[in-house]
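Here is what each chain is made of, one letter per residue.
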Amino acid sequence: MRARDEVRTATLRMALTAVKTASVAGTEARELSDEEVLAVIRTEVKKRREAAEAFAGAGRAESAERERAEEAVLAAYLPAQLDDEALSAAVRAAVAQVAAAGKTGPSAMGAVMGVLRPQVGSTVDGGRLAAAVRSALAG
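It should be emphasised that the depicted structure is a prediction, and the values quoted were computed from it without experimental measurement.

A. Here's a closer look at the overall build of the chain. Helices and strands together make up the secondary structure of the chain, namely 6 helices and 0 strands. Of the regular secondary structure in the chain, the N- to C-terminal order runs α-α-α-α-α-α. Its C-alpha atoms give the chain a radius of gyration of 18 Å, more than 25% over the compact-globule value 14 Å for 139 residues. In the chain, which comprises 139 residues, the share counted as buried stands at 29%. Look at the contacts in the chain between residues 6 or more apart in sequence, and 57% of them connect residues 24 or more apart. For the chain, the exposed area adds up to about 8,800 Å²; of that, 56% sits on carbon and sulfur atoms. For the chain, the distance from the average site of its 19 positive side-chain charges to the average site of its 19 negative ones is 1 Å.

B. Looking closely at the nonpolar core. If you look at the biggest cluster of nonpolar residues, it comprises 17 residues, and the most contacted ones within it are Val 91, Val 112, Leu 116, Leu 129, Val 133 and Leu 137. Secondary-structure elements contributing two or more residues to this core are helix H4 (84–100), helix H5 (109–120) and helix H6 (126–138). Looking at this core, the element that brings in the most residues is H4, giving 6 residues. Those residues in contact with Val 112, other than ones at most four positions away along the chain, are Ala 94, Val 95, Val 98, Val 133 and Leu 137. Counting 6 residues, the second largest nonpolar core, distinct from the first, contains Ala 15, Ile 41, Val 45 and Leu 78.

C. Fine view of the environment of Val 112. With respect to the secondary-structure elements, Val 112 resides in helix H5. Val 112 sits in the buried class, given a relative accessible area of 0%. C-alpha separation for the pair Val 112 and Ala 15, spaced 97 residues apart in sequence, amounts to 32 Å.

D. Structural detail: the layout of surface pockets. Space inside the largest pocket adds up to approximately 310 Å³. Lining the largest pocket are 13 residues, and of these Arg 42, Val 45, Arg 49, Leu 78 and Asp 125 lie nearest its centre. Put simply, the parts of the chain that give the lining of the largest pocket at least two residues each are helix H2 (34–57), helix H3 (61–75) and H6. Partitioning the lining of the largest pocket into residue classes produces 5 nonpolar, 3 polar and 5 charged.

E. A look at the pattern of salt bridges. Applying the stated rule across the entire model yields 11 salt bridges. Here Glu 35 and Arg 42 are joined by a salt bridge, their closest N and O atoms 3.0 Å apart. A relative accessible area of 42% means that Glu 35 is categorised as partly exposed. The class of Arg 42 is partly exposed, set by a relative accessible area of 28%. Its salt-bridge partner being Glu 44, residue Lys 47 comes within 3.2 Å of it at the nearest N-O pair.

F. Here's a closer look at the side chain of Ser 23. By the element assignment, Ser 23 lies in helix H1 (residues 6–24). Of the polar contacts made by the side chain of Ser 23, one reaches the backbone oxygen of Lys 20; its length is 2.7 Å.

G. View of H1. The terminal C-alpha atoms of H1, which comprises 19 residues, lie 27 Å apart, in line with the 27 Å expected from a rise of 1.5 Å per residue. Within H1, the full set of buried residues consists of Thr 9, Thr 11, Ala 15, Ala 18, Val 19 and Ser 23. Structurally, H1 contributes buried residues whose contacts are with H2 and H3.

Reading guide: rules and limits
- Within each chain, residue numbers correspond to sequence positions counted from 1 in written order.
- Reporting in this predicted model follows two pLDDT cut-offs: at least 70 for local features of residues, and 80 or more for side-chain atom pairs to be given and counted; totals over whole chains, interfaces and linings ignore these cut-offs and use all residues.
- Think of the side-chain values as coming from all heavy atoms in the structure, minus any hydrogens and water.
- Only DSSP runs of H or I reaching four residues or more are called helices, and only runs of E reaching two or more are called strands; each is numbered from the N terminus.
- Taken over C-alpha atoms, the radius of gyration is set against a globule rule of 2.2 Å times the number of residues to the power 0.38.
- Each residue gets one of three labels from its accessible area relative to the maximum for its type: buried under 20%, exposed over 50%, partly exposed in between, using a 1.4 Å probe on protein chains only.
- Any pair of residues with heavy atoms lying within 4.5 Å of one another is described as a contacting pair.
- What sets the accessible areas is the Shrake-Rupley method with a 1.4 Å probe; for residues, cover comes only from the shown protein chains.
- Lys and Arg are tallied as positive, Asp and Glu as negative. Neither His nor the chain termini are counted.
- All charge positions are set by atom: Lys at NZ, Arg at CZ, Asp at CG, Glu at CD.
- Grouping buried Ala, Val, Leu, Ile, Met, Phe, Trp, Tyr and Cys residues that are joined through side-chain atoms within 4.5 Å yields what is termed a nonpolar core.
- Every definition here rests on a 1 Å grid over the protein atoms only: cavities are sets of points where a 1.4 Å probe fits but cannot get out, pockets are open sets enclosed by protein on both sides within 12 Å along at least five of seven lines, and lining residues have some atom within 4 Å of a point.
- Grid points are joined across faces, edges and corners, and a volume is the space filled by probe spheres set on the points.
- Only Asp, Glu, Lys and Arg are considered charged, only Ala, Val, Leu, Ile, Met, Phe, Trp, Tyr, Cys and Pro nonpolar, and every remaining residue, Gly among them, polar.
- Whenever Lys or Arg places a side-chain nitrogen within 4 Å of a carboxyl oxygen from Asp or Glu, that contact is recorded as a salt bridge.
- Any pair of N or O atoms that falls within 3.5 Å is considered a polar contact. Within protein, one atom must be able to donate a hydrogen and the other to accept it, and sequence-neighbouring residues count only if both atoms are side-chain atoms.
- Each helix should span, by expectation, one fewer than its residue count multiplied by 1.5 Å.

Below, the structure written as structure tokens:
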């Protein structure tokens, strides 16, 4: 706030509001765990990404740029993402593990994702993970 960074201030206020809303959702208010807070932030990042794409598609470049700036602010609070090499190594290991159990091809997607999700946790975006698994199973 002291730096007068309006985008950062507004984005952080929005994120705090989203976390508070998530904490009072349901039958009674509760304190969110760190993983639940990260899930809320990931959701907000995804919303910003989708909104930026929609604004860009509609020819509203200024609004799309604002959404991208907000996404960058929020992404700084998420854990670092796995690099491509580490992701492909994890996917290969999971595919081999599932193949040893007798499941191969595209029908093994759910089994591979079930093995990978606990391993990689929040260090990989779900869409990126699914694309890597799909690619490994197809080839």
